[in-house]
Each structure stands twice: as structure tokens, then as C-alpha cells.
Amino acid sequence: MYKIIAYGSLRLNQYNFKRIADLFGENSISLIDTITLNGYQMHDLGYYPAVTPNPNTSITAEVLLVSDKAYDFIDRMEQGAGYKPIQINTPNHKNITLFIMNSCNAPVIPSGDWNVVTTRN
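Residues numbered from 1 in each chain as written. Predicted model: local features only at pLDDT ≥ 70, side-chain atom pairs only at ≥ 80, totals over all residues. Heavy atoms only, no water.

Observations regarding the overall build of the chain
So, point 1. A count of helices and strands for the chain gives 3 helices and 5 strands.
So, point 2. Ordered by position from the N terminus, the helices and strands of the chain form the series β-α-β-β-α-β-β-α.
So, point 3. Taken over the C-alpha trace, the chain has a radius of gyration of 13 Å; the compact-globule value for 121 residues is 14 Å, and the two agree within 12%.
So, point 4. Expressed along its principal axes, the backbone C-alpha trace of the chain runs to roughly 35 × 35 × 25 Å.
So, point 5. By the burial criterion, 50% of the 121 residues in the chain qualify as buried.
So, point 6. Looking at the chain alone, contacts between residues at least 24 apart form 67% of all its contacts between residues at least 6 apart.
So, point 7. Put simply, the chain shows about 6500 Å² of open surface, and 48% of that area lies on carbon and sulfur atoms. (Helix = DSSP H or I, 4+ residues; strand = E, 2+ residues; numbered from the N terminus. Rg over C-alpha atoms; globule rule 2.2 N^0.38 Å. Buried < 20%, exposed > 50% of the residue type's maximum accessible area, 1.4 Å probe, protein only. Contact = heavy atoms within 4.5 Å. Areas by Shrake-Rupley, 256 points an atom, 1.4 Å probe, with all protein chains shown as cover.)

Shown next as C-alpha cells:
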């Protein structure tokens, strides 16, 4: 099992969370915690967001526990889309994978919360 940080389409009630559960079973992905992650900025890529390092901003994210098979699938999906996996620690969670982009020119999401953006219409 792996811990990952989800901030967009992998968050609970978003389409890739449901996709992983459908592909690998409901026990393959579960929500552990909702957190504010300092030091990152969120960008709107249209159907999903990206985060980049920024010491002055924060994002809303979820810590998920995923099975080995689900993690392998997510890792390939994210890296195929240009994201880089890094390992981070938060005050309550250690050794979590976060998929980031080193830079991004897409519009910034000021709230840092993808769920706010996906309910904007």
C-alpha cells in the first residue's frame, strides 16, 4: 500500500478516484485525511489541475491510501501526463507521494482547491 496526495481528479468524488475503484476494487483506494498543503500553488489545466512549488501559497488536498496495483497505474498515468513524483512529509503523514510539475504557465487557482473549481458552473 502507498500513500499519495490527491489534489484534483483523484480526490474523493472526482472521476479518477471512481475510475481507480472501478478498475482495482473499492478497497484499492481510500481517503485517509483532508489537508492544507503549504508550499504549493495550483494551476487550472482544464479537466484537471497541476501543482508547482511556491513557498507563499497552499492547496487543499487529500491523503489517499492506494493498493500497489492502483499506485502503479496512477504513477504511469501521472508521469505520462508530465507530472514528477516526489516524496514529502506533512505534520501528520510521512513518506507520501505528491505528483507535481516543476513549472506551469496555466492560470492559477487562487483558492488552491480543485473542488471549488469543478463546482464553478
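Some details on the side chain of Thr-97
So, point 1. Mapped onto the elements of the fold, Thr-97 is located in strand β5 (residues 96-100).
So, point 2. Judged by relative accessible area, Thr-97 falls into the buried class, the value being 2%.
So, point 3. Here Gln-87 takes part through its side chain, which lies 2.6 Å from a polar atom of the side chain of Thr-97.
So, point 4. Apart from residues no more than four positions distant in its own chain, Thr-97 is found in contact with Lys-3, Ile-4, Ile-5, Tyr-71, Pro-85, Ile-86 and Gln-87. (Polar contact = N/O pair within 3.5 Å; in protein donor to acceptor, adjacent residues only side chain to side chain.)

Focus: the pattern of salt bridges
So, point 1. Tallied over the full model, the rule gives 2 salt bridges.
So, point 2. A salt bridge links Arg-11 to Glu-62, with the nearest nitrogen and oxygen atoms 3.4 Å apart. Taken together, the residues Arg-11 in the loop between β1 (2-6) and α1 (15-24) and Glu-62 in strand β3 (residues 49-66) connect sequence positions 51 residues apart.
So, point 3. Judged by its relative accessible area of 3%, Arg-11 falls in the buried class. (Salt bridge = Lys/Arg side-chain N within 4 Å of Asp/Glu carboxyl O.)

Focus: unusual backbone geometry
So, point 1. Positioned with a positive phi, Asn-13 is a non-glycine residue whose angle comes to about 75°.
So, point 2. With respect to the element layout, Asn-13 can be found in the loop between β1 and α1.
So, point 3. The exposed category is assigned to Asn-13, whose relative accessible area is 59%.
So, point 4. The phi torsion at Asn-95 lies on the positive side, around 55°, for a residue other than glycine.
So, point 5. For Asn-95, the location among the structural elements is in the loop between β4 (84-88) and β5.

Regarding the sheet that holds β4
So, point 1. Ordered in space as β2-β3-β1-β5-β4, the 5 strands form an open sheet in which the pairing is mixed. In this open sheet, the two strands that pair with only one neighbour each are β2 (29-44) and β4. Shown here is a sheet whose adjacent strand axes are inclined to one another by a mean of 35°, direction ignored.
So, point 2. Pairing of β4 with β5 involves 5 bridges; the strand directions are antiparallel. (Pairing = 2+ DSSP bridges. Axes fitted to C-alpha atoms, helices over the stretch in contact; angles between N-to-C directions.)

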